[in-house]
Amino acid sequence: MSDDLQAVNPRARLFRIILSFYGVGIYIFLFAPIAVMILLSFNSSRVVGFPWRGSPPTGIPGCRTTP
Amino acid sequence: MTVASYARDAGGGPGETEPRRADVKRERRDWRQFVGFVPAAILFGVFFIAPLCLIIVYSFWITKNYELVPDFTIDNYKSILMTGTYVRTFGKTVLMAILATFAALALAFPFCYWLVRYVPKRLQRVGLLLVILPFWTSYLLRVYAWVAILGDNGAINSMLKALGLTDAPIRLFLYDNPGVFIVLVYLYFPFAALTLYASLERFDWRLLHAAVDLGATPMRAIANTLLPQMRLALVTAGIFVFIPILGEYLAPSAIGGTHGVMMGNLVANFFSGYLLPLGSAASVLIALVITIVLIVFRRSLDTKEIYV
């Protein structure tokens, strides 16, 4: 069906490419907050945010075990 | 009794006798046929009707010395509807819900169109799973994650600083209405996407093909063949998104700060200050808006008039 439409209208190919980028963009929108939180969980900074201060040697700050 | 014989008996064939008809009527009125509804009725009654009735009753009472007094008054409604701040908050909440609903639908429709038409069938389920995957994480976490993106030290500001586009953090989004809007769209996008996907998946794409064959541009074909059939799904998705946004509490509180207060925050403030009647009146007003929306869109849910 989509191939047929592309044959009728050459702009359909461009439309498809744009929509594909759009679809990927939506996934980035959906997963960006989770990815940022995962990333920041390894940040040794005391504030929730950047700049990146490196990963603490003991792993995730909140999960450190006291000896 | 077979279905055919039951139908014959119920239909009153030529050989039907009066006592037999009475038996059938009695059988139809038998209370046991409603037994199956009892669990649902109990659930609905205990968890919806009873709390709703309680809130409605509370909204007409008053508090004296932090105690509820069953004294009928409409002052709570007057207080909310005559106080400028409350009215503005109420109006802003409805406006925010409308805008976020439209945005969620506008984002979800092309996405679902792409997923259904251009993604191979075997990958569509995976694509859909990825849409609901963020739901597997905590709601609280997803909201606070946006603070880490929109905040002064967030990802956006850090990126802008790293690119040399700004020296100081831009406070355009966090602790203001645009931030609340973005987060609301983010939170409720999957509701819209799932509903629209279910409808688009069943669409007969040959109709679109036929429209293009008859000379319509692709956009016109979509507008004249696809959208009318999607009306039901669009309205349903809109209702799914609009209703929870009206009562949203956490996103306006965490992202909006003092500028992003919505009705949910007002209700929470009333209740935490033990102003139960005021909080109840605000809740009833939210429920009233939802009821009006449902009544307005009821006609759109009629599937008989798709192309009207």
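See the structure above.
Everything numeric here is computed off the predicted structure, so don't read it as measured data.

Along its length, chain A carries two helices and zero strands. For chain A, buried positions account for 12% of its 67 residues.

Our focus in this paragraph is the interface of chain B and chain A. In this assembly, 29 residues from chain B lie in contact with 29 residues from chain A. When contributions to the side of chain B that touches chain A are tallied by element, the ones reaching two or more residues are helix 5 (84-118), helix 6 (121-132), helix 7 (139-150), helix 8 (155-162) and helix 10 (206-213) of chain B. With eight residues, helix 5 of chain B is the single largest residue contributor to the side of chain B that touches chain A. Considered class by class, the residues forming the side of chain B that touches chain A number 21 nonpolar, six polar and two charged.

Bringing unusual backbone geometry into the picture now. Residues and elements named next belong to chain B. Residues other than glycine seldom take positive phi values, yet Asn65 does so here, at roughly 50 degrees. Here Asn65 shows up in the loop between strand 1 (62-64) and strand 2 (67-69). Since 5 C-beta atoms lie within 10 Å of it, Asn65 is described here as exposed. Even without being a glycine, Tyr66 presents a positive backbone phi close to 60 degrees. With respect to the helices and strands, Tyr66 occurs in the loop between strand 1 and strand 2.

What follows concerns the environment of Ser138 of chain B. Residue and element names in this part refer to chain B. Take Ser138: it is sitting in the loop between helix 6 and helix 7. Residue Ser138 is classed as exposed on the basis of its 10 C-beta neighbours within 10 Å. Separated by 141 residues in the primary sequence, Ser138 and Gly279 place their C-alpha atoms 27 Å from one another.

With that settled, the discussion passes to the environment of Thr195 of chain B. Residues and elements named next belong to chain B. In this fold, Thr195 is placed in helix 9 (residues 177-202). Look at Thr195 and you get buried, because 23 C-beta atoms sit within 10 Å. It is 6.3 Å that separates the C-alpha atoms of Thr195 and Ala233, two residues lying 38 residues apart in sequence. Those residues in contact with Thr195, other than ones at most four positions away along the chain, are Ala233, Thr236, Ala237 and Phe240.

Below, the discussion takes up the environment of Leu43 of chain B. Residue and element names in this part refer to chain B. Looking at where Leu43 falls in the secondary structure, it is placed in helix 3 (residues 38-59). On the basis of neighbour counts, which here come to 10 C-beta atoms within 10 Å, the residue Leu43 falls in the exposed class. In this structure, the C-alpha to C-alpha distance between Leu43 and Leu128, residues 85 residues apart in sequence, is 31 Å.

On to the nonpolar core. All names here are of chain B. In terms of nonpolar packing, the biggest core is built from 65 residues, with Ala108, Cys112, Val183, Leu184, Tyr188, Ala192 and Leu196 touching the most fellow members. Take this core: its biggest share by element is 15 residues, from helix 9. When sequence neighbours within four positions are dropped, the list of residues in contact with Leu184 reads Met96, Ala100, Ile245, Glu248 and Ala251.

This part covers the packing of helix 4 (residues 75-82) of chain B against helix 14 (residues 276-298) of chain B. Between two packed helices, what matters for the description is the angle formed by their axes and the separation of those axes. All names here are of chain B. One can describe the packing of helix 4 onto helix 14 by two numbers: an axis separation of 9 Å at closest approach and a directional angle of 70 degrees. As summarised for this structure, helix 4 and helix 14 are arranged roughly perpendicular, according to the angle between their axes. At the point where helix 4 passes helix 14, the crossing takes the right-handed sense. Contact residues: helix 4 offers Asn76, Tyr77, Ser79 and Ile80, while helix 14 offers Pro277, Leu278, Ala281, Ala282 and Leu285. For the contact of helix 4 with helix 14, the class distribution of residues is seven nonpolar, two polar and no charged.

Here is what the cut-offs are and how they apply
- Residues numbered from 1 in each chain as written.
- Chains lettered and ligands numbered in written order.
- Predicted model: local features only at pLDDT ≥ 70, side-chain atom pairs only at ≥ 80, totals over all residues.
- Helix = DSSP H or I, 4+ residues; strand = E, 2+ residues; numbered from the N terminus.
- Buried ≥ 20, exposed ≤ 12 C-beta atoms within 10 Å, placed from the backbone.
- Contact = placed C-beta atoms within 7 Å.
- Nonpolar A, V, L, I, M, F, W, Y, C, P; charged D, E, K, R; others polar.
- Core = buried A, V, L, I, M, F, W, Y, C linked by C-beta atoms within 7 Å.
- Axes fitted to C-alpha atoms, helices over the stretch in contact; angles between N-to-C directions.
- Parallel < 35°, antiparallel > 145°, perpendicular 65-115°, else oblique.
- Left-handed = near helix turned anticlockwise from the far one by under 90°.

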